Structures are given as C-alpha cells and as structure tokens.
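Report on the structure
Read off the chains here:
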Amino acid sequence: MLVALAANLVIAAAKAVGGLAAGSPALLSEAAHSVADSMNEVFLLAALRRSRRPADRRHPFGYGKERFFWSLLAAVGIFVMGGCFSFFQGFEALASGGEEKLGGYVAGLIVLGIALLAEGASLLRALYQVRRQGGTGAGLRDPALRTVVAEDGTAVLGVTLAMAGMALHMVTGQVVWEASASLAIGALLVYVAYRLGRDARDQLIGEAADREASGRIRELLWAQPEIDSVEALFTMKTGLDSALVAARVDLVPGMDSERVEDVAVRIKRSIARTVPEADQIFLDVTDRRAREAAESPAATGERGGA
C-alpha cells in the first residue's frame, strides 16, 4: 500500500502540473482525483494498523470496526476532494465559453496515458489480491481492499474520460466535451463515495453476519438434542474476521443446572468450530414453562376476563 501511495502522489503531481500548464479542466479534475486517492491510502493504512490492536477493558470486543470507520472517512474524502472539485472544474469550463488554449494538451495526454498504465497495473494487482482472498464474494468483505478496488477502477475510468474529453476538445475546439468529462468524473466519484460510505455505515452501526454463517449457526442449534427451540438468534460483525453471536434457546425440561452448564459450553465450542469468525458467543438459556408462568396474568397482576 505504501507503493500505491507513492505512485498516487507522483501521478497527482504530474496531473496538476500538466493541468495548470495546459489549463485543462479535465486534467485538473483528475489531479484532484489522485490527491483524494492519496489521502484515502493514508486512511486505509491507519485502518489496517489500528484495527489489529487487541481487545482491552475500554473496548472488550476489540478494534476491528476501525476498518469500517476509516473506510467511511475515505469515502468522504473521495466526495469532497474529488467529486466536488471535478464539478467545479466542469461548470467553470462551461462558463468560460471556450477560452481555454490548447497549448500543452499533447503533454497532458501523455501524462494521462502514463497514469492510465499505472492505474491499470494497480487495478490488476488489487483484483489479483481479491482472487487470492476468495473471489468477489469473500475477497471484497475487506472494506480496505474493497475501497482500493473501487479507487483503482474509478481511476482507470476517470483517466479514460479525461483523455476522451481532451482529445475531443482538441479535434472540435468545443470546450463542452472537456467540461462534460469533468462533470462525468465528478458524478462517478460521488457515486463511488456514496456506495463506499453506505457500506461503511451499515458495518459501523452493527451489520449482521452474512446469511450463510447465520444459517449454519441456526442449523447447528436446532440439531442439538438438548435444545427444544431456538427463540432468537442475533449476530453482528465486530471486525473483518470477527463476529458476535447471541442466541436465546429453550432447553428440554428435566435438566439440572450442572448439565445445563456443560451443554452450553459444548454448544459454544461447536459454534466456534463451525463459524471461526464467531469469537464472542453468548447463550441465553430459557425455560419456556417458567417464562410462560412468569408472564401469566396471575404473575403480572393483570386480570383475565371471560
């Protein structure tokens, strides 16, 4: 990731110099895009470092959600630094009425061509990492890797739009092509920021574990001979590879307290083996008959009627 950060900084500087020299709004939009990507790399480095801290008294469930928080900041960075600046460049180009000079555009296109090769190589490397981690299903569970893939894919598409806009501006002499490219880059960045921010928000406020894991846990609970019914099952992601599991189960009648304790320990161990990411497991053992008696009108003081 440090290599990606250094590459983004070099690309951002080259785009900024080329954009200022040529007065190209599309190239300046791409420079802002690369600056946003560089800031996001810093956020993701912080996420990887801070999320690995062990649990402590203040955070008994660990720091796994740090990844989600920093991914949210990365999404905000894409929106503010990339999307808004690109919109500004596009509207300013339209308002200028075609006063831009085309000197330096060839150098600008060369800069974008080099950036396209660099961003494309980075995207291929990120996709290879996704494949190593289990493909698009399992590999993209990592918010940091998901953000990198989104950034690289958006960068490739953004550079392509900028090159097309600059080329059409040179051929037709109409700045509307380049302004449209800047607006399209802005819209693309805002959309990507929204998607990344929405995913990070869901995980921060307590997203449930995936359906497959929840289904395996439920099947395991129902398969236990000592469990009469599963009253409720709750799961929540506490990190990339960690989850909290809480289940309320009703045991068959006639079990003493010592047997109940042994059964609870065995069930927890079975869940941990079946779903390795379930590192926090809580069982609420209930007695249906006792609960129904406690909720009866006689126990609650409510009067019944004929």
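Residues numbered from 1 in each chain as written. Predicted model: local features only at pLDDT ≥ 70, side-chain atom pairs only at ≥ 80, totals over all residues. Heavy atoms only, no water.

1. Comments concerning the overall build of the protein
Using the following cut-off: Only DSSP runs of H or I with at least four residues qualify as helices, and only runs of E with at least two residues qualify as strands; both kinds are numbered from the N terminus onward. For every residue, the accessible area obtained with a 1.4 Å probe (protein chains only) is divided by the maximum for its type, and the residue is called buried under 20%, exposed over 50%, and partly exposed between those limits. The contact definition used throughout considers only heavy atoms, calling two residues in contact when any of these lie within 4.5 Å. Surface accessibility in these figures is a Shrake-Rupley result with a 1.4 Å probe; residues are shielded only by whichever protein chains are displayed.
A count of helical and extended segments in the protein gives eleven helices and three strands. For the protein, with 306 residues in total, the buried portion stands at 43%. Counting only contacts in the protein whose residues sit at least 6 apart along the sequence, the fraction spanning at least 24 positions is 72%. As displayed, the protein offers around 16200 Å² of accessible surface, 61% of which is attributable to carbon and sulfur atoms.

2. Thoughts on the nonpolar core
The condition that has to hold: Think of a nonpolar core as a cluster: buried Ala, Val, Leu, Ile, Met, Phe, Trp, Tyr and Cys residues, connected wherever their side-chain atoms sit within 4.5 Å.
In this structure, Ile217, Leu221, Ile227, Val249, Ile267 and Ile271 are the most contacted members of the largest nonpolar core, which totals 21 residues. Secondary structure elements with two or more residues in this core: helix H8 (211-223), strand E1 (227-239), strand E2 (242-251), helix H9 (257-274) and strand E3 (278-286). Counting 19 residues, the second-largest nonpolar core is a separate cluster that includes Tyr105, Leu112, Val159 and Leu196.

3. Observations concerning H9
Note the following rule: Every helix has an expected span of 1.5 Å times one less than the residues it contains. Our arc is simply the arc of the directions from the helix axis toward the C-beta atoms.
Between its first and last C-alpha atoms H9 spans 26 Å; for 18 residues at 1.5 Å apiece the expected length is 26 Å, and the two agree. For H9, the full list of buried residues reads Val260, Val263, Ala264, Ile267, Ser270 and Ile271. Angular distribution of buried residues about the axis of H9 spans 130 degrees; they occupy a single face of the element. Residues of H9 that are exposed and angled more than 90 degrees away from the buried face: Glu258, Glu261, Arg269 and Arg273. Of the surrounding elements, those touching the buried residues of H9 are H8, E1, E2 and E3.

4. Regarding the side chain of Gln224
Mapped onto the fold, Gln224 is located in the loop between H8 and E1. Among residues more than four places away in sequence, those in contact with Gln224 are Arg266 and Ile267.

5. So, the sheet that holds E3
Defined as follows: Two strands are counted as paired when DSSP detects at least two bridges linking them. Lines are fitted to the C-alpha atoms to define the axes, a helix being fitted only along its stretch in contact, and any angle between axes, read from their N-to-C directions, falls within 0 to 180 degrees.
Pairing in this open sheet of three strands is mixed, and the strands run E1-E2-E3 from one edge to the other. Here the strands that pair on one side only, and so sit at the sheet edges, are E1 and E3. Adjacent strand axes in the sheet meet at a mean angle of 15 degrees when their direction is disregarded. Summarising the sheet, E2 and E3 pair through eight bridges and their orientation is parallel.

6. A short note on the pattern of salt bridges
Put simply, the rule reads: Any carboxyl oxygen of Asp or Glu within 4 Å of a side-chain nitrogen of Lys or Arg constitutes a salt bridge here.
Summed over all chains, the structure comprises eight salt bridges. Close ionic contact of Arg259 with Glu226 constitutes a salt bridge, the shortest N to O distance being 3.3 Å. Taken as a pair, Arg259 in helix H9 and Glu226 in the loop between H8 and E1 lie far apart in primary sequence, 33 residues in all. Arg259 gets classed as partly exposed once you look at its relative accessible area, which sits at 41%. Here Asp284 makes a salt bridge to Arg248, at a shortest N to O gap of 3.3 Å. Within this pair, whereas Asp284 is found in strand E3, its partner Arg248 is found in strand E2, the two being separated by 36 residues in sequence.

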